[in-house]
Amino acid sequence: MEFKKIINILRKKWKMMSFVISIILILFIIVTIFQPKKYEINFSLLIAQTKTQQTQEFKYDAYYAFETKDKIGDYLISFLNSPENVNIILNKSGFNTTTLKPHDYRTFFRPYKASSQSVGIIFNLRDPGKTKNIINSLLRTVNNSIEKTYTPGEKDVEYKIKSTNPLITIKTPKIVLSIVIIFITSLIFLSLIVLIEEYFKR
């Protein structure tokens with residue numbers, strides 16, 4: 001089919017296509033407006049050294065402290081990417097997990113290495129009032145896990161995970177970008193339908 005013929009066919013159907021695309025865009029905007037708000041919570045876990053080494057046999061200098069905190073940071077990221085650990089944290093916080101799917105546990109927390117001494121965490125909630133309970137549960141769970149993994153002696157260095165105050169922001173959908181994508185996708189899809197229909201008429 002020649003390009004001019006394709007343009008002529010689409011030109012004849014432009015009213016119908018415009019109407020369908022307009023309906024799709026209006027429905028999308030209505031759904032977006034009435035969709036419940038989603039909040040993004042951003043905070044950091046701080047790897048704090050709560051006790052220095054009480055011995056002259058080995059000098060626990062700044063380099064080793066730096067390396068240890070870096071390793072703990074890697075451990076925290078791995079810990080929070082585990083669906084099993086996320087499930088424990090959420091259940092202990094009183095969060096309703098009945099609506100979560102297996103994939104949601106793997107992506108609920110989005111941890112990242114903020115520095116050698118801290119791990120940044122981002123997660124989303126419909127109800128920001130549950131933020132405090134989730135963070136407190138997370139702190140208890142990770143600190144218990146570290147205590148089980150490493151049991152310091154009386155004179156050994158000790159670490160504890162603390163958190164910064166969470167920053168809570170409303171996560172606004174990218175409406176303009178979504179409208180452009182939907183418009184282009186709908187236009188291509190409808191054009192294909194019109195051309196296929198015209199092809200079978202012959």
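Nothing here was measured: the structure is a model prediction, and the numbers come from that model. (Residues numbered from 1 in each chain as written. Predicted model: local features only at pLDDT ≥ 70, side-chain atom pairs only at ≥ 80, totals over all residues. Heavy atoms only, no water.)

(A) Structural detail: the side chain of K69. Tracing the backbone shows K69 in helix α3 (residues 62-80). In this structure, K69 is buried with no salt-bridge partner, the nearest side chain bearing the opposite charge being D70 at 11 Å. (Helix = DSSP H or I, 4+ residues; strand = E, 2+ residues; numbered from the N terminus. Buried < 20%, exposed > 50% of the residue type's maximum accessible area, 1.4 Å probe, protein only. Lys, Arg positive; Asp, Glu negative; His and termini not counted. Salt bridge = Lys/Arg side-chain N within 4 Å of Asp/Glu carboxyl O.)

(B) Representation of helix α6 (residues 131-149). For α6, which comprises 19 residues, the first-to-last C-alpha distance of 27 Å matches the rise-based estimate of 27 Å (1.5 Å per residue) to within 8%. Buried within α6 are the following residues: T131, I134, I135, S137, L138, L139, T141, V142, N143, S145 and I146. (Expected span 1.5 Å × (residues − 1).)

(C) Up close: the packing of helix α1 (residues 3-12) against helix α7 (residues 175-201). Direction vectors running N to C along α1 and α7 enclose 105 degrees, while the axes themselves pass 10 Å from each other. Taken together, α1 and α7 sit at an angle that is classed as roughly perpendicular. When α1 is examined against α7, the residues I6, I9 and L10 are found in contact with a partner set consisting of S191, V194, L195 and E198. Of the residues belonging to the contact of α1 with α7, the class tally is five nonpolar, one polar and one charged. (Axes fitted to C-alpha atoms, helices over the stretch in contact; angles between N-to-C directions. Parallel < 35°, antiparallel > 145°, perpendicular 65-115°, else oblique. Contact = heavy atoms within 4.5 Å. Nonpolar A, V, L, I, M, F, W, Y, C, P; charged D, E, K, R; others polar.)

(D) Representation of the environment of L46 within the structure. With respect to the helices, strands and loops of the structure, L46 is situated in strand β1 (residues 39-51). Since its relative accessible area comes to 35%, L46 is described here as partly exposed. C-alpha of L46 to C-alpha of S116: the two residues are 70 residues apart in sequence and 9.7 Å apart in space.

(E) Looking closely at the packing of aromatic side chains. By the definition in use, this model includes six aromatic pairs. With centroids separated by 6.1 Å and ring planes inclined at 90 degrees, the aromatic side chains of F43 and F123 adopt a geometry described as edge-to-face. Residue F43 is located in strand β1, and its partner F123 is located in strand β3 (residues 118-125); the two are separated by 80 residues in the primary sequence. Judged on exposure class, the residue F43 and its partner F123 are both buried. Pairing F109 with F123 gives two aromatic rings, centres 5.4 Å apart and planes at 75 degrees, and the pair type is edge-to-face. Taken together, the residues span a long stretch of sequence, with F109 in the loop between α5 (102-107) and β2 (110-115) and F123 in strand β3 at a distance of 14 residues. Comparing F109 with F123 shows no difference in burial state: the two are buried. Three or more aromatic residues joined by ring pairs form one cluster here, namely F43, F95, F108, F109 and F123. (Phe/Tyr/Trp six-rings, centres within 6.5 Å; stacked < 30°, edge-to-face > 60°.)

(F) Summary view of the layout of surface pockets. Approximately 400 Å³ is the volume found for the largest pocket. Surrounding the largest pocket, 14 residues form its lining, F95, L100, F108, N124 and L125 being those nearest its centre. Only α5 and β3 provide two or more residues apiece to the lining of the largest pocket. Considering only enclosed or pocket space, the second largest pocket measures out at about 320 Å³ in volume. Taken together, T32, I33, Q35, P36, K37, K38, R126, I170, K171, T172, P173 and I175 make up the lining of the second largest pocket. Classifying every residue of the lining of the second largest pocket by side-chain character gives five nonpolar, three polar and four charged. (1 Å grid on protein atoms, 1.4 Å probe; cavity = no way out; pocket = protein on both sides within 12 Å on 5 of 7 lines; lining within 4 Å. Points joined across faces, edges and corners; volume = space filled by probe spheres on them.)

(G) The arrangement of the side chain of S118 in detail. With respect to the helices and strands, the residue S118 is situated in strand β3. There is a polar contact of 2.8 Å between the side chain of S118 and the side chain of S115. Once residues lying within four places of it in the same chain are set aside, the contact partners of S118 are L45, L46, I47 and K113. (Polar contact = N/O pair within 3.5 Å; in protein donor to acceptor, adjacent residues only side chain to side chain.)

(H) Summary view of a nonpolar patch on the surface. A cluster of nonpolar side chains, V176, V180, F183, I184, L187, I188, L192, I196, Y199 and F200, forms an exposed patch at the surface whose accessible area comes to about 1000 Å². We classify V180 as partly exposed; its relative accessible area is 42%. (Patch = residues over 30% accessible without salt bridge, like charges linked within 9 Å, V, L, I, M, F, W, Y side chains within 5 Å. Areas by Shrake-Rupley, 256 points an atom, 1.4 Å probe, with all protein chains shown as cover.)

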